[in-house]
Amino acid sequence: MAQSQTSPVVIITGVPGAGKSTVARALMLRYPFGVHIPVDDVRERVVSGLASPVPIWTAETGRQFALAYRAAGKMARVYAEAGFAVALDHVFTPVDIAANLLPELQGVPIVRIYLAPKVMVALDRSARRSSKDFDPAVLIDTIRGMDGWLVEQIDADPGWLRIDSSALSVEQTVDMILQGISPGGAGGDPLQNHVGK
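Quick notes on the rules
- Residues numbered from 1 in each chain as written.
- Predicted model: local features only at pLDDT ≥ 70, side-chain atom pairs only at ≥ 80, totals over all residues.
- Heavy atoms only, no water.
- Helix = DSSP H or I, 4+ residues; strand = E, 2+ residues; numbered from the N terminus.
- Buried < 20%, exposed > 50% of the residue type's maximum accessible area, 1.4 Å probe, protein only.
- Contact = heavy atoms within 4.5 Å.
- Areas by Shrake-Rupley, 256 points an atom, 1.4 Å probe, with all protein chains shown as cover.
- Expected span 1.5 Å × (residues − 1).
- Arc of directions from axis to C-beta.
- Patch = residues over 30% accessible without salt bridge, like charges linked within 9 Å, V, L, I, M, F, W, Y side chains within 5 Å.
- Salt bridge = Lys/Arg side-chain N within 4 Å of Asp/Glu carboxyl O.
- Axes fitted to C-alpha atoms, helices over the stretch in contact; angles between N-to-C directions.
- Left-handed = near helix turned anticlockwise from the far one by under 90°.
- Nonpolar A, V, L, I, M, F, W, Y, C, P; charged D, E, K, R; others polar.
- Core = buried A, V, L, I, M, F, W, Y, C linked by side-chain atoms within 4.5 Å.

**Student:** Describe the overall build of the protein, with residues and values.
**Tutor:** Check the secondary structure of the protein and you find seven helices and five strands. Listed by position from the N terminus, the elements making up the protein come as β-α-β-α-α-β-α-β-α-α-β-α. Every one of the 197 residues in the protein was classed for burial, and the buried ones make up 41%. In the protein, of all internal contacts separated by at least 6 residues, the share reaching a separation of at least 24 is 76%. As displayed, the protein offers around 10,000 Å² of accessible surface, 56% of which is attributable to carbon and sulfur atoms.

This is the structure:
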């Protein structure tokens, strides 16, 4: 049955190993209609000429990520306008979001979540992942270095709900997100996070 109200688009960021995809999927299962859009999955639809960020980031890598952000944003809008809650997950920076996602989501309610487990927890989670087609050890330096600059960028960009999920289960993290984005919660009303406000 189609829904009549535009549902929120939840943007989830954090370092590799923060649990973004796992939490995004679990969060969407809490809604009657929910869609999880991992940006990496969108980017990996490229079957010829895919530019991987590992081990070297190139100009072509950046172009393909920007295209994936825009495509994911368009897809999110279609589902949100049909009444589906949507979760987008990736290692988003505020600059990425402003340049490539927000233009596709004008007028759609946006919720921004920063999953911020301690670095050692993220490293351990990353090391135990089997979903990537590369050795997760290549991300060790990336996770250590990214933690600092991502924190700085998030802290300089108001409106993020920051959650230290180090000691939380997936379901506890989802509970905190829902509490934080509900009216009167720590993150306020998600409908107040409209693009352009």
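Let's pick the thread back up.
**Student:** Give a detailed account of helix H7 (residues 170-181), specifying residues and quantitative values.
**Tutor:** Between its terminal C-alpha atoms H7 stretches 17 Å, which fits the 16 Å expected from 12 residues at 1.5 Å a residue. For H7, the full list of buried residues reads Thr-173, Val-174, Ile-177, Gly-180 and Ile-181. Buried positions in H7, seen along its axis, are confined to an arc of 130° and lie on one side of it. Those residues of H7 that are buried lie in contact with helix H1 (20-28), strand S4 (110-115) and strand S5 (160-163).

**Student:** Residues and numbers for a nonpolar patch on the surface, please.
**Tutor:** On the surface, Met-75, Val-78 and Tyr-79 cluster together into a nonpolar patch covering about 260 Å² of accessible area. Along the chain, Met-75 falls in helix H3 (residues 59-81).

**Student:** Explain the packing of H1 against H7 to me, using residue names and the numbers behind them.
**Tutor:** Helix packing for two helices is described by the angle between their axes and how far apart those axes are. Two numbers describe how H1 lies on H7: the axes approach to 9 Å, and their chain directions differ by 65°. As H1 runs across H7, the sense of the crossing is right-handed. Along the contact surface, H1 presents Thr-22, Val-23, Ala-26 and Leu-27, while H7 presents Val-170, Glu-171, Thr-173, Val-174, Ile-177 and Leu-178. Within the contact of H1 with H7, the residues separate by chemical class into seven nonpolar, two polar and one charged.

**Student:** Give me the lowdown on the nonpolar core, citing residues and values where you can.
**Tutor:** Among the nonpolar cores identified, the biggest contains 47 residues, and Val-9, Ile-11, Leu-88, Phe-92 and Ile-113 are the most heavily contacted of them. A per-element tally of this core places H3 first, with six residues. Residues in contact with Leu-88, not counting those within four places in the same chain, are Val-9, Val-10, Ile-11, Ile-12, Ile-37, Ala-72, Ala-76 and Leu-101.

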